[in-house]
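Observations on the model geometry
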Amino acid sequence: MILRLTLSGLLLAHLVAIHVWAQAASSVPSTESIVARMGVADALSRTHLQPFAVVRNYKLFGKEKQKTKSEVIVDIIYDPPDVQHYTIQKVNGLYLGEVIVRKMLESENDILAHQSAADISTANYIFSFLREDILEGRPCYVLKLFPLRKDTKLLRGTIWVDATSYLVHRMDGEPAKAPSWWVHDIHIVLDFRDVNGMWLQTDLVSTANVRLLGQHTMVSRDMEYKMGGIEASGAAISAGPLAN
């Protein structure tokens, strides 16, 4: 009798564990639902955009990532939805750093002028659910991105979607099309955070092999913002979801 009760108890515990696991699994929205909520969250976040100025720091590294080959400081003025002006404030080290930064900023302006072509949406990507994850203390859904066409504005890779706000915290991948014959094996990581109620890209790490020059890594970080007399330092940027 004791053995039978023990086996019954084990069976009951096993069934309860399966039930709890099934409930947890069912709590994850479908990929279609996640993508649809992303679209709503992105549309809402754009209504929070306001004119601002930012000081951005770029550092270029070679194979030796401990040594900076070039550092560029840029003043950028953004006037939503699609106007961005920049001024090179300071350059230290190799001139190559300034050349790369100018090309990156020109590419950003092109994306602003054709935002729909770069949107993380079903118009540009096929999505596949990978897993749940924690990024900077935030529960996220991790989705795989499959670009629908070869385009330098699109990435083939992975995104981390906030499980509460449905805003994209991180993109990690390779361009669907190389921007130039001179560079290959490009890998890009973009991080997004809340800045004074706006959901912005604040950090970038881009690694590529440059023909004749070898591997280089560009790291950029937003350092200081000015919005209507309000200043926010890069260190004070919130990693939390955009407030409604």
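Note that the coordinates shown come from a computational prediction; the quantities given were computed from them, not determined experimentally.

Reading the values: the criteria
Residues numbered from 1 in each chain as written. Predicted model: local features only at pLDDT ≥ 70, side-chain atom pairs only at ≥ 80, totals over all residues. Heavy atoms only, no water. pLDDT = per-residue confidence, 0-100. Contact = heavy atoms within 4.5 Å. Helix = DSSP H or I, 4+ residues; strand = E, 2+ residues; numbered from the N terminus. Buried < 20%, exposed > 50% of the residue type's maximum accessible area, 1.4 Å probe, protein only. Expected span 1.5 Å × (residues − 1). Arc of directions from axis to C-beta.

**Let's talk about the confidence of the model for the protein chain**
Per-residue pLDDT for the protein chain averages 85, and the proportion of residues at 70 or more is 82%. Across residues 1–25, confidence stays below pLDDT 50; counting only partners more than four residues off in sequence or on other chains, it has 0 contacts. Low pLDDT (under 50) marks residues 238–244, which in the prediction has 24 contacts with non-local residues, meaning those over four places away or in another chain.

**Brief notes about unusual backbone geometry**
Across the junction of proline 80 and proline 81, the peptide omega takes the value 10°, indicating a cis bond. On the secondary structure map, proline 81 appears in the loop between β2 (68–79) and β3 (83–93). One non-glycine residue with positive phi stands out, namely glutamate 136, at about 50°. Judged by relative accessible area, glutamate 136 falls into the partly exposed class, the value being 41%. Unusually for a residue other than glycine, tyrosine 166 sits at a positive phi of about 65°. Assignment of secondary structure puts tyrosine 166 in the loop between β6 (155–162) and β7 (168–175).

**Here's the deal with helix α3 (residues 95–113)**
Look at α3: 28 Å from first C-alpha to last across 19 residues, which is about the 27 Å you get at 1.5 Å a residue. Buried residues of α3: Gly97, Glu98, Val101, Met104, Leu105 and Leu112, and no others. For α3, the buried positions fall inside an angular range of 125° around the axis, keeping them on one side. Seen from the open side of α3, the exposed residues pointing more than 90 degrees away from its buried face are Tyr95, Lys103 and Ala113. Looking at the packing, one finds that the buried side of α3 touches β1 (52–61), β2, β3, β9 (198–210) and β10 (214–227).

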